[in-house]
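One letter stands for each residue in the lines below.
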Amino acid sequence: MIYTITFNPAIDYVIHAENVVFGKTNRSSSEEIFFGGKGINVSRVLHNFGVPSTALGFAAGFTGRALEEDLASDGIASELIFLKNGNTRINVKLSGITETEINAAGPEITESDVEKLIEKLSVLTPADTVVLSGSAPKNIGKAAYRKVAETVKSMGARLVVDAEGDLLTSVFDAGPYLVKPNRAELEGIAGRELLSDDDVVRAAEELTVWGVQNVLVSLGGDGAILVSRDGEVRKCAAKRGEVVSTVGSGDSMVAGFLAGEALDGYDPLALAVAAGSATAFGTGLATLADTLRLYKE
């Protein structure tokens, strides 16, 4: 079983506008509402591909109940832990000539709440995979990530992490199966600019020295590079197309990679790139049909 963990789920309110002038009244051309957060997005794409998963995480208030109901109506299994105070956040995404995001902070999560999550991980087996992705409240951030990582390691399950900065580096000691930084995030960890593919590969190899088994570096329109601890280095180019929105593309890449491992006859790296592109070229998360079309091309 694949379990996804989202510490800070969100309702994304995506507003499409040809132009936005700050300080003035602006009007949209269309809007969409997406219930998600990074881990939940991974579960959604896996569901689209016919690969089962269980979405774990924290929710709060009426927006949290709406999220839970939406997952259930879409047939996605979830075991959300409801917090005593606050509301699941609403993020505003402005999509137009340029993309602008305003992400809310989200409700407070306590150490006792994290312990409830750890209890849910007590069922893990070596056949399971846990996807840990996205932000976490500052009061518990790195400590919570490390605790989850240590628990997954102790149960013998595989850990996949998609996070930024010290949240990502905090789990290296647990020897994660896969991490997925983008180029900018990898530059932040490496402490230098990565101008070429060779630069990216060398920086990714440094992560494997620290304990990471596989590093999947997303390169946007240039595809992705996969570097493994056993010395394998592969690059997959992305199919060119018109980008509608990059929201969820990285999550789709993670889901595509895991689906490529779970389903027979697919290259995980190529399916990851195709899934990321399918999301970028559409108005929602990647569907199987759109992903397979790009995969074949």
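Scroll up to find the structure this text is about.
Because the structure is predicted, anything quoted here is derived from the model rather than measured. (Residues numbered from 1 in each chain as written. Predicted model: local features only at pLDDT ≥ 70, side-chain atom pairs only at ≥ 80, totals over all residues. Heavy atoms only, no water.)

Summarise the environment of Ala-17; cite the residues concerned and give the values.
Locating Ala-17 in the fold gives a position in the loop between β2 (10-16) and β3 (30-36). Residues Ala-17 and Gly-248, spaced 231 residues apart in sequence, show a C-alpha to C-alpha distance of 19 Å. (Helix = DSSP H or I, 4+ residues; strand = E, 2+ residues; numbered from the N terminus.)

Can you break down the sheet that holds β3 residue by residue, with the values?
If you trace the four strands from one edge of the open sheet to the other, you get β3-β2-β6-β7, paired in mixed fashion. Every other strand in the sheet has two partners, leaving β3 and β7 (99-102) as the edge strands with one partner each. Neighbour-to-neighbour, the strand axes of the sheet open up by a mean angle of 20°, direction not taken into account. Note that β2 and β3 share seven bridges and pair antiparallel. In the strand pairing of β3, Ala-10 is matched with Gly-36. Helix α2 (residues 61-73) rests against β2, β3 and β6 (89-95) of the sheet, and its axis sits at about 85° to β3. (Pairing = 2+ DSSP bridges. Axes fitted to C-alpha atoms, helices over the stretch in contact; angles between N-to-C directions. Contact = heavy atoms within 4.5 Å.)

Now, about the nonpolar core: what can you tell me, with residues and values included?
Core analysis: the largest hydrophobic core is formed by 47 residues, its most contacted members being Ile-5, Phe-7, Tyr-145, Val-148 and Val-161. For Ile-5, the contacting residues outside a window of four places in its chain are Gly-39, Leu-56, Leu-117, Leu-121, Val-130, Val-131, Leu-132, Ser-133 and Val-148. Among the nonpolar cores identified, the runner-up in size contains 32 residues, and Tyr-177, Leu-271, Ala-272 and Ala-278 belong to it. (Core = buried A, V, L, I, M, F, W, Y, C linked by side-chain atoms within 4.5 Å. Buried < 20%, exposed > 50% of the residue type's maximum accessible area, 1.4 Å probe, protein only.)

How would you sum up helix α10 (residues 288-296)? Please name residues and give values.
Along α10, the residues that are buried comprise Thr-291, Leu-292 and Leu-294. Down the axis of α10, the sector holding all buried residues measures 165°, keeping them to one side. Structural note: α10 exposes Ala-289 and Lys-296 on the side pointing more than 90 degrees away from its buried face. Residues of α10 that are buried in the fold lie against α9 (268-280). (Arc of directions from axis to C-beta.)

Would you mind going over the pattern of salt bridges in detail, with residue names and values included?
Any two side chains of opposite charge can pair, so long as their charged atoms come close to each other. Tallied over the full model, the rule gives 15 salt bridges. A salt bridge links Lys-38 to Asp-251; the nearest nitrogen and oxygen atoms lie 2.7 Å apart. With Lys-38 in helix α1 (residues 38-48) and Asp-251 in helix α8 (residues 249-262), this residue pair connects regions lying 213 residues apart in the sequence. Asp-251 sits in the buried class, given a relative accessible area of 4%. When the shortest N-O distance is used, the salt bridge between Asp-70 and Arg-44 registers 2.4 Å. Note that Asp-70 is positioned in helix α2 and Arg-44 in helix α1, a separation of 26 residues in sequence. In this pair, the class of Asp-70 matches that of Arg-44, namely buried. One continuous salt-bridge network, built from bridges that share partners, spans Lys-38, Asp-162 and Asp-251. (Salt bridge = Lys/Arg side-chain N within 4 Å of Asp/Glu carboxyl O.)

Provide a residue-level description of the pairing of β6, including the pertinent values.
Of all seven residues making up β6, five are buried, and the element is well covered by its neighbours. By the bridge criterion, seven bridges tie β2 to β6 in an arrangement that is parallel. Considered in β6, the bridge of Ile-15 is made with Leu-94. By the bridge criterion, four bridges tie β6 to β7 in an arrangement that is antiparallel. Of the residues in β7, the one forming a bridge with Lys-93 is Glu-101.

So what's going on with the packing of aromatic side chains? Residues and values would help.
A ring pair, where both rings are aromatic, is described by two values, the distance of the centres and the angle of the planes. Enumeration according to the criterion identifies four aromatic pairs in this entry. Consider the rings of Phe-172 and Trp-210, whose centres lie 5.7 Å apart with planes at 40°: the pair is tilted. You can see Phe-172 sitting in the loop between α5 (165-169) and β10 (178-179) and its partner Trp-210 sitting in the loop between α7 (197-209) and β11 (214-218), a full 38 residues away along the chain. Using a relative accessible area of 42% as the deciding quantity, one classes Trp-210 as partly exposed. Ring geometry for Tyr-266 versus Tyr-295: centroids 5.4 Å apart, planes at 70°, classification edge-to-face. Here Tyr-266, found in the loop between α8 and α9, pairs with Tyr-295, found in helix α10; they are 29 residues apart in sequence, far enough to count as distant. Here Tyr-295 falls in the partly exposed class, since its relative accessible area comes to 26%. The ring of Tyr-177 has Arg-158 lying over it, and the distance from NZ or CZ to the ring centre is 4.0 Å. (Phe/Tyr/Trp six-rings, centres within 6.5 Å; stacked < 30°, edge-to-face > 60°. Lys NZ or Arg CZ within 6 Å of the ring centre and 35° of its normal.)

Describe the environment of Leu-132, listing the residues and the values that go with them.
If you trace the backbone, Leu-132 turns up in strand β8 (residues 129-133). Accessibility expressed as a relative area gives 0% for Leu-132, which makes it buried. Residues within four places of Leu-132 in sequence aside, it is in contact with Ile-5, Phe-7, Tyr-145, Val-148, Leu-159, Val-160, Val-161 and Asp-162.

How would you explain α9 if you had to name every residue and give the values?
Counted at 1.5 Å a residue, the expected span for α9 with its 13 residues is 18 Å, and the 18 Å between its end C-alpha atoms agrees. Counting buried residues along α9, 13 of its 13 residues qualify, which places the element largely inside the surrounding structure. (Expected span 1.5 Å × (residues − 1).)

These figures come from the coordinates and say nothing about function on their own.
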